[in-house]
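Geometric and topological summary
Chain residues, written in single-letter form:
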Amino acid sequence: MVVKSEDGRELRSFKFKDEAEGQEVRAVERRILLETLANQLPSDAIRFSSKVAKIEKNENGETSLQLLDGTQILAKVLIGCDGIRSPIAKWMGFTEPRYVGHCAFRGLGFYPNGQPFDPKVNYIYGKGLRAGYVPVSPTKVYWFICFNSSSPGQKIIDPSVLKNEAQKMIKGWPSELLNIIDLTPDDTIIRTPLVDRWLWPVVSPSGSTSGVVLVGDAWHPMTPNLGQGACCALEDAVVLSRKLADALEVGPASLDDALSSYCKERWTRVFPLTIRANLVGALLQWENPVVCTVRNSIIIPKLVKLGPLLEHTNFNCEPLERRGNRFPIN
Ligand SMILES: Cc1cc2nc3c(=O)[nH]c(=O)nc-3n(C[C@H](O)[C@H](O)[C@H](O)COP(=O)(O)OP(=O)(O)OC[C@H]3O[C@@H](n4cnc5c(N)ncnc54)[C@H](O)[C@@H]3O)c2cc1C
């Protein structure tokens, strides 16, 4: 991992094997992750382009989902993993996630003849502005720019405008980052306002209610400052699958207990992480030039330790064992 200032000066370089044995960063392209997960399922298990428009409970306690195309689905158990704007979370009484005052540009630089970078995560810190890049495959390099903005701003759909804005924002920054953005196909560039939702005990609704449960961003949207949102969604999925499989061996009556037990177990992981990610973001987005000088000349070069910094990633939800029977519910 390498940290630089906006003028390209190296502030610190970390080696995982020296500073945090057993730690690593694995950069995975979203498309590859989704395809890998989907390939583990029977081909008829996923129905695409099925946007949920309405949710209701019927008199038998089943959840009825109405899709945008009019299709109706009855579910004994509904797992809402429908992202930060989850209609299922809304139906369960959750508020909209809160904008935290920063936005991010993201994109994937494409090098048809092979990308030239070492397998390192690179961060560049400016004032109220930071960026990073990391190779994700032999031909692709992921990059991001995170910037302060008092409002989420207008939604821009023209990708060439996004690219222009991103390049303007980091004019004069290290050329390798500008080159990666230059080599980014327009259609991979997005701008996202960063949001989160803190799951305060007592005040927040439960992540499950009779036969319905939330997973990932739908339940606990967090800012990306620790790079843990998707990791936590995957951990949720492993823990919930195990609880559901156990419950089905006992009988359908124990399903709701399994959902509550999942929420209880996962809350202790996701609530502190959401807060920590928010605070880390606030620190990294400092604008004050004096504070940034102290950060670049003392905090990063002398005080930061990789092990404690990444301690939150030392979480083991154990591998998910394959069970004989497929779930007898639909
Ligand atoms: C700038 C940025 C950088 C990030 N970097 C990292 C990182 O380095 N590491 C990390 O672990 N995480 C990172 N994250 C977070 C990560 O992207 C999310 O936490 C993760 O995608 C959450 O997965 P999910 O499956 O819960 O939701 P999503 O990935 O949002 O998936 C939700 C799904 O629900 C579908 N959906 C939405 N509405 C409906 C509806 N009405 N009906 C049916 N389906 C619907 C969507 O089409 C989508 O397929 C980052 C996020 C941002 C913004």
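Each chain has its residues counted from 1, following the order in which its sequence is written. Given that the model is predicted, a residue must reach a pLDDT of at least 70 before its local features are reported, and side-chain atom pairs must reach 80 or more before they are shown or counted; all residues, however, enter totals for whole chains, interfaces and linings. With hydrogens and water set aside, each side-chain value is computed from the structure's full complement of heavy atoms.

1. Focus on the site of the ligand
For each residue, the test is whether any non-hydrogen atom lies within 4 Å of the molecule or strand; if one does, the residue is near. Near the ligand there are 20 residues, and of these Arg30, Val52, Asp217, Gly229 and Ala230 occur at the shortest range. We define a polar contact as two N or O atoms separated by no more than 3.5 Å, with the added condition that, inside protein, one atom must be a possible hydrogen donor and the other a possible acceptor, whereas residues neighbouring each other in sequence contribute only through side-chain atom pairs. Interatomic distance of 2.8 Å between a side-chain N/O atom of aspartate 217 and an oxygen atom of the ligand. Cysteine 231 is positioned with one of its backbone polar atoms (N or O) 3.0 Å from an oxygen atom of the ligand. For accessible areas, the Shrake-Rupley method is used with a probe of radius 1.4 Å. Any residue's cover is judged against the shown protein chains and nothing else. Burial of the ligand by the surrounding chains reaches 64%, relative to a free accessible area of 1,000 Å². Secondary-structure elements contributing two or more residues to the shell around the ligand are strand 7 (98-110) and helix 6 (229-250). Residue polarity is assigned by list, with Asp, Glu, Lys and Arg as charged and Ala, Val, Leu, Ile, Met, Phe, Trp, Tyr, Cys and Pro as nonpolar; anything else, Gly included, falls into the polar class. Of the residues that constitute the shell around the ligand, the class distribution is nine nonpolar, six polar and five charged. Strands here are runs of E lasting at least two residues and helices are runs of H or I lasting at least four, both read from the DSSP assignment and numbered beginning at the N terminus.

2. Details of the UniProt feature "domain: FAD-binding" (unreviewed entry) in the protein
UniProt's entry tags residues 211-266 with the feature "domain: FAD-binding" (unreviewed entry), counted in the numbering of this structure. Secondary structure content for residues 211-266 is 61% helix and 5% strand, and the end C-alpha separation is 17 Å. UniProt positions are given in the numbering used here, feature names are shortened, and annotations may be inferred rather than shown by experiment.

3. A word on the sheet that holds strand 13 (residues 212-214)
Pairing between the strands of a sheet comes from backbone hydrogen bonds, and it takes one of two forms, parallel or antiparallel. Spatial strand order, 6-13-12: three strands in an open sheet with mixed pairing. Each end of this open sheet is capped by a strand with a single partner; those strands are strand 6 (78-80) and strand 12 (208-209). Only when DSSP finds a minimum of two bridges between them are two strands counted as paired. In the sheet, strand 6 pairs with strand 13 via three bridges, with the strands oriented parallel. When the sheet's bridge partners are listed, glycine 80 is paired in strand 13 with leucine 214.

4. Brief notes about the environment of valine 215
Relative to the assigned elements, valine 215 resides in the loop between strand 13 and helix 6. Residue classification places valine 215 among the buried positions, given a relative accessible area of 9%. Ignoring sequence-local partners within four residues, the contact set of valine 215 consists of Ile79, Gly80, Cys81, Ala233, Asp236, Ala237, Leu240 and Tyr262. Burial classification: accessible surface area is computed with a 1.4 Å probe over protein chains only, and a residue below 20% of its type maximum counts as buried, one above 50% as exposed, and the rest as partly exposed. Contacts are residue-level and defined by heavy atoms, with any inter-residue pair within 4.5 Å sufficient.

5. Here's the deal with the packing of aromatic side chains
When the centres of two rings from Phe, Tyr and Trp lie within 6.5 Å, Trp using its six-membered ring, the rings pair. Their planes under 30 degrees apart give stacked, over 60 give edge-to-face, and anything left gives tilted. All chains considered together, the criterion is met by ten aromatic pairs. Relative to phenylalanine 117, the ring of tyrosine 111 lies with its centre 6.1 Å away and its plane at 85°, an arrangement referred to as edge-to-face. Classification of tyrosine 111 as buried rests on a relative accessible area of 11%. Geometrically, the ring pair formed by tyrosine 123 and tyrosine 125 is stacked, given 6.2 Å between the ring centres and 25° between the ring planes. Taking relative accessible area as the criterion, tyrosine 123 reaches 24% and is therefore assigned partly exposed.

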